[in-house]
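Structure at a glance
Each chain, letter by letter, is given below.
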Amino acid sequence: MPKDQPILDTSPKVSDEVRKTTCYMCACRCGIDVHMKAQPDGQMKVAYIEGNKDHPVNQGVLCAKGSAGIMQVNAPSRLKAPLKRVGPRGSGEFEEISWEEALTIATDWLKPIREKAPEKLAFFTGRDQSQSFTSLWAQGFGTPNYAAHGGFCSVNMAAAGIYTMGGAFWEFGQPDWEHTKMFVLFGVAEDHDSNPIKMGIGKIKGRGARMVGINPIRTGYNAVADDWFGITPGTDGLLIMALIHELFKAGKLDLDYLARFTNASCIVNEDPKSDQNGLLLRDSDGQPQVIDKNTGHLAPWNGQGVEPDLASTHRAAGVTHRPVFHLMADRFLDPKHAPEMVADATGISADRIKRLAADMAHVAFDEAIELDRPWTDFRGKKHAKMIGRPVSMHAMRGISAHSNGFQTCRALHMLQIVLGAVETPGGMRFKPPYPKPATAHPKPHGKVTPGQALNGPHLGFVHSPEDLMLNEDGSAIRIDKAFTWDNPLSSHGMMHMVISNAHAGDPYKIDTLFMYMANMSWNSSMNTTGVMEMLTDKDDETGEYVIPRIIYSDAYSSEMVAYADLILPDTTYLERHDCISLLDRPISEADGVADAIRWPVIEPDRNVRGFQSVLCELGARLDLPGFVNDDGSQKYEDYADYITNHIRRPGIGPLAGFRMGENGLTEGRGDSNEGQIDSYIKNGGFWVSHVPEEASYYKPFNMAYQAWAVKMGFYDSEQPYIFTPYVEPLRRMQLAAEGHGRVQPPDHLREQVKRTMDPLPMWYAPLSDDLIDTSEFNVHALTQRPMAMYHSWGTQNAWLRQIHGLNPLYVPTKIWEQHSFADGDWAKVTSPSGVITVPVAHMAALNENTVWTWNAIGKRKGAWALDEKAPEATEGFLLNHLIHELLPEKADGMRWSNSDPITGQAAWFDLRVKIEKTTTPAESQPVTPAQKSPVGKGPKSQAWKVGK
Ligand code: SF4
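Small disclaimer: the values here were computed from a predicted structure and weren't measured. (Residues numbered from 1 in each chain as written. Predicted model: local features only at pLDDT ≥ 70, side-chain atom pairs only at ≥ 80, totals over all residues. Heavy atoms only, no water.)

What to know about the overall build of the protein
Scanning the protein from N- to C-terminus turns up 24 helices and 36 strands. Computed over the C-alpha atoms, the radius of gyration of the protein is 28 Å, within 12% of the 30 Å expected from 2.2 N^0.38 for a compact globule of 948 residues. Structurally, the protein occupies a C-alpha span of about 80 × 80 × 70 Å along its principal axes. Counting every position in the protein, which comprises 948 residues, the buried fraction comes to 65%. A separation of at least 24 residues holds for 70% of the contacts in the protein among residues at least 6 apart in sequence. Just so you have it, the protein exposes about 33000 Å², and 49% of that area is on carbon and sulfur atoms. With 95 positive and 115 negative side-chain charges, the protein shows a separation of 2 Å between the mean positions of the two kinds. (Helix = DSSP H or I, 4+ residues; strand = E, 2+ residues; numbered from the N terminus. Rg over C-alpha atoms; globule rule 2.2 N^0.38 Å. Buried < 20%, exposed > 50% of the residue type's maximum accessible area, 1.4 Å probe, protein only. Contact = heavy atoms within 4.5 Å. Areas by Shrake-Rupley, 256 points an atom, 1.4 Å probe, with all protein chains shown as cover. Lys, Arg positive; Asp, Glu negative; His and termini not counted. Charge placed at Lys NZ, Arg CZ, Asp CG, Glu CD.)

See the structure below:
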């Protein structure tokens, strides 16, 4: 050994203790090991964060966001104490107050509303993960005006999946990474479902499986795809229907699967004069009928031993009934869906479309998988093997955030279904407690009784016009007008319409807007400048704000903080209890049901409280049912107490693991267990229970899965179902528009309902295209969050903002050359509702008629404790200024919501702009004046020593 070799400690002690909890730097909810070091005073501090190797979601993988969590919990932008507004709304001028004063103010504001008119409270939450809890609170309050952010995020994806198959992608389902041979991504932003998809792609690439990306922008996952289709925004439905057309033409359909496991075999009334026209024929028990191949006669869809026929028709009382499959063939074999007919609009050549369809068919049918796993279906038929069609898909907001997004997402599920590639080996698999059909979910509720709880959960799935949230005079029950004829199936509410409707007093005025983690005065709103004006607008007569009171909870000094009258400061994710619950948006994997917790691995060093704990106390002060004991005392001391002791239905609580049974600890169903959270902590912060092997595929139809699901408490009795490529509730809405039934749409909406609410997937151009000059506004404009900040709350993170401190507008080669752009140039970008001036950058791997930028990099001066000269505040910008929450005026002078007319999903990606080269301004335009920072400005640099 050389004599002057330095002595290195190759295994230094990196921490004094590891505390295992759940990441919240994005919505994937990976397990993390938080390494703690003792300070000289004995206090423990976070030293660094790594992935939890045992965790079902990430198996030890940690992304850049996850490791940057340490900067999030030390961010200078953290709110420090409750705040009361002292300057004009929007100014950012506050004074710190005590929690007692804050809760007294909130109680004084809310109590009279509850006693007289609970609907005057609009309570909407953003990207939190406690909706089963916050909705319970709102239900107890009695307001119908509650929802989370799904309406402006991806409700089209979720609703289309649940109405069609009983589940969608991401939290509901995943590709069968172990077996898939072809993985196709539609409209998935570059870091959606971050670690799980990256791990999955790594797996399939490792064994040579093929990956196809369909997205106008080639970044992130699409950049590593073997094949990329740079589709024109808003035309995904056209492409998908052309693929289905090709499969029908070639006869490459899984007919056995369609007959047995979907309502393609159910028969439909074809009498145009009947009020049953287009509905499924049902028996006296209300069960849809099929024709049994064994007997040639009618039989219920679920009859024991029945072999449903896809071909035969049924004629009774002079009326012909045809199987849904016939209607599917009529629809998809229509020559208008031929690849040649859609090539121009989609920007994908007919040859490439045909090749893609042929490749899918080849993998599905010529490379089919057979697993030697016997299973029994709900008709009692025993299957010796599990047959797999190894084509898997994943899709998200890119295809859903359009006004035609619901039907596009439905078309995608139709494509999966005709291939037989859902819940079969190699295809898409659901994650327990999904699948669960729309009929197993609640319907929406909205009956208001002053001083009492609402009559049921706010959100749900409507099945007929009678389920809509309408008053007798046809006016909307809800402030966001969800579940009305404008957007009948708005299962997640319409958060993006709350502020403009409340400001307009349409359908009525509200008293208090109460929001959590929703940056509505900035990047979470369309028409950002307009929203800021609405939040600060005063009534000419009274001089009072039009929206009289705003309460807001956030952990950070976001732009929205300045617009609130009362701030309830939240904790960071390492300082709080949370449950990632099966009642909410769980973290299960296809092979196992799982839930998880967060717990305070560090104590807050500021006067802040977890928002959910604050709701426990506020609920008690307001005497909300479910939040007080019989003697009127506070029921749940804090959120941890709620997580442990709340019982949703007998044996079922927020956490399914480590419950108390007759003989000790149990899972799924069981009593509360005072030691439950400790058990989770000892287990690494999560609980998982594996799906039995014979129940692993065909879950909706597989009796072994059904029995396991009942045992685990997902539902109380076995309820197998079939997929519904034909969605009857849509047809019921059309029937109403045709003049049938008691509840009918207003005349101005009849044509829209008839046109869009087709029970089979179809495509129509984005609604705004009919209202603007598309030859003038001939460029599509999109946004996506950057990989390093995808689904992250705040971009002030000191490490992550070094990756993305500003955002150019990316311009494709054709437009770049048309305008003779050069590096460093700026462009004026105009939409029908606004103008921005921004820096441009060239990008070749982009649809030739599309520009795009990162969302939410641009910050308002004074927010997030950033310097007013920070690049985020000078060169960063928002595309939101170009998007309006209302469509341009129609011929009748009316302006409709910029949403999908079926679900109300915000149509962010229907945006069209025109672009011009311009001189370089001092800063991105428009410049919004600075707001005062309630937390001051962060230091130039941050450094601290952890440990002794
Ligand atoms: S940021 Fe998201 S993907 Fe990354 S470790 Fe955290 S939860 Fe997982």
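Having put the structure on the table, let's press on.
Considerations on the site of the ligand
The local shell around the ligand consists of Cys23, Met25, Cys26, Cys28, Arg29, Cys30, Leu62, Cys63, Lys65, Gly66, Ser194 and Asn195. Tallied by class, the residues present in the shell around the ligand amount to seven nonpolar, three polar and two charged. (Near = heavy atom within 4 Å. Nonpolar A, V, L, I, M, F, W, Y, C, P; charged D, E, K, R; others polar.)

A short note on the sheet that holds strand S26 (residues 578-580)
Spatially, three strands are ordered S26-S27-S30 in an open sheet, and the strand pairing comes out antiparallel. Only two strands of the sheet have a single partner each, and these edge strands are S26 and strand S30 (686-690). Taken pair by pair, the neighbouring strands of this sheet meet at an average axis angle of 10 degrees, ignoring direction. Judged from the three bridges that link them, S26 and strand S27 (residues 592-598) form a sheet pairing that is antiparallel. Among the inter-strand pairings, Cys579 is bridged to a residue of S27, identified as Ile597. Each of S27 and S30 is contacted by helix H20 (residues 703-712), which is oriented at about 150 degrees to S30, the strand it contacts most. (Pairing = 2+ DSSP bridges. Axes fitted to C-alpha atoms, helices over the stretch in contact; angles between N-to-C directions.)

Some words on the nonpolar core
Within the largest apolar cluster, 154 residues are counted, with the highest numbers of intra-cluster contacts made by Trp137, Leu513, Phe514, Leu574, Leu809 and Ile915. Apart from residues no more than four positions distant in its own chain, Ile915 is found in contact with Val779, Leu809, Val811, Ile815, His819, Phe821, Ala827, Lys828, Val829 and Val851. With 129 residues, the next largest nonpolar core counts Trp177, Leu253, Phe430 and Val462 among its residues. (Core = buried A, V, L, I, M, F, W, Y, C linked by side-chain atoms within 4.5 Å.)

A short note on the pattern of salt bridges
In this structure the tally under the stated criterion is 58 salt bridges. With a shortest N-O distance of 2.8 Å, Asp330 and Arg322 are connected by a salt bridge. Asp330 sits in the partly exposed class, given a relative accessible area of 45%. Between Arg801 and Glu872 there is a salt bridge; the shortest N-O distance is 2.7 Å. Residue Arg801 is located in the loop between strand S31 (779-784) and strand S32 (809-811), and its partner Glu872 is located in helix H24 (residues 871-874); the two are separated by 71 residues in the primary sequence. Exposure remark for Arg801: the relative accessible area of 26% places this residue in the partly exposed category. (Salt bridge = Lys/Arg side-chain N within 4 Å of Asp/Glu carboxyl O.)

Observations concerning a negative patch on the surface
Taken together, Glu533, Asp537, Asp539, Asp540, Glu541 and Glu544 make up a surface patch of like negative charges. The residue Glu533 is located in helix H16 (residues 528-536) in this model. (Patch = residues over 30% accessible without salt bridge, like charges linked within 9 Å, V, L, I, M, F, W, Y side chains within 5 Å.)

Looking at the side chain of Ser557
Its location among the elements puts Ser557 in the loop between strand S24 (549-554) and strand S25 (566-569). Setting aside chain neighbours within four positions, we find Ser557 in contact with Ser77, Leu79, Ala863, Trp864, Ser933, Pro934 and Val935.

A short note on H16
Among the residues making up H16, those that are buried are Thr528, Gly530, Val531, Met532, Met534 and Leu535. In this fold, the buried residues of H16 make contact with helix H15 (498-504), strand S23 (512-516) and S24.

Observations regarding the sheet that holds strand S2 (residues 31-38)
Taken in spatial order, the three strands make up an open sheet running S1-S2-S3, and their pairing is antiparallel. Here the strands that pair on one side only, and so sit at the sheet edges, are strand S1 (17-22) and strand S3 (44-51). The average undirected angle you get between the axes of adjacent strands in this sheet is 30 degrees. Sheet topology places S1 next to S2; six bridges connect them, and they run antiparallel. The residue of S2 that forms the bridge with Thr21 is Ile32.

What about the packing of aromatic side chains?
This structure, assessed with the given rule, holds 38 aromatic pairs. Judged by centre distance (5.8 Å) and plane angle (80 degrees), the ring pair of Tyr257 and Phe261 falls under edge-to-face. You can see Tyr257 and its partner Phe261 sitting in helix H9 (residues 255-261), four residues apart, about one turn around the helix. The same class applies to Tyr257 as to Phe261, namely buried. Taking the centre distance of 5.5 Å and the plane angle of 45 degrees together, the rings of Trp816 and Phe821 count as tilted. Considered together, Trp816 and Phe821 belong to a single accessibility category, that of buried residues. One aromatic cluster in this structure is built from Tyr257, Phe261, Trp375, Phe430, Tyr698, Phe701, Tyr721 and Phe723. Taking NZ or CZ as reference, Arg429 lies 4.2 Å from the ring centre of Tyr697, over its face. For the cation-ring pair, Lys538 lies above Tyr545, with the distance from its terminal atom to the ring centre recorded as 4.8 Å. (Phe/Tyr/Trp six-rings, centres within 6.5 Å; stacked < 30°, edge-to-face > 60°. Lys NZ or Arg CZ within 6 Å of the ring centre and 35° of its normal.)

Overview of the environment of Phe701
Looking at where Phe701 falls in the secondary structure, it is placed in the loop between S30 and H20. Taking relative accessible area as the criterion, Phe701 reaches 0% and is therefore assigned buried. Separated by 324 residues in the primary sequence, Phe701 and Asp377 have C-alpha atoms spaced 5.3 Å apart. Those residues in contact with Phe701 that sit more than four places away from it in its chain are Phe261, Trp375, Thr376, Asp377, Phe378, Tyr721, Ile722 and Phe723.

Considerations on the environment of Gly824
With respect to the helices and strands, the residue Gly824 is situated in the loop between helix H23 (813-818) and strand S33 (826-831). Residues Gly824 and Ala841, spaced 17 residues apart in sequence, show a C-alpha to C-alpha distance of 7.6 Å.

A short note on helix H6 (residues 194-206)
In this model, H6 (13 residues) spans 18 Å end to end at C-alpha, consistent with the 18 Å of a helix rising 1.5 Å per residue. Residues Ser194, Asn195, Pro196, Ile197, Gly200, Ile201 and Ile204 constitute the buried set of H6. The elements touched by buried residues of H6 are helix H1 (64-67), strand S9 (182-186), strand S10 (210-214), helix H7 (220-223) and strand S21 (391-395). Once H6 ends, the next one or two residues include Gly208, with phi positive near 80 degrees. (Expected span 1.5 Å × (residues − 1).)

Topic: the packing of helix H8 (residues 236-250) against helix H12 (residues 350-366)
Packing of H8 against H12 leaves a shortest axis separation of 9 Å and a crossing angle of 60 degrees. Judged by the inter-axis angle, H8 sits oblique to H12. When you trace H8 past H12, the crossing you get is right-handed. Packed against H8, whose contacting residues are Leu239, Ala242, Leu243, Glu246 and Leu247, the element H12 presents Ile353, Lys354, Leu356, Ala357, Met360 and Ala361 at the interface. (Parallel < 35°, antiparallel > 145°, perpendicular 65-115°, else oblique. Left-handed = near helix turned anticlockwise from the far one by under 90°.)

Some details on the side chain of His413
With respect to the helices and strands, His413 occurs in helix H14 (residues 405-418). Excluding anything up to four places from it in sequence, His413 contacts Met157, Ala160, Gly161, Thr164, Met165 and Phe169.

These figures capture arrangement, not role.
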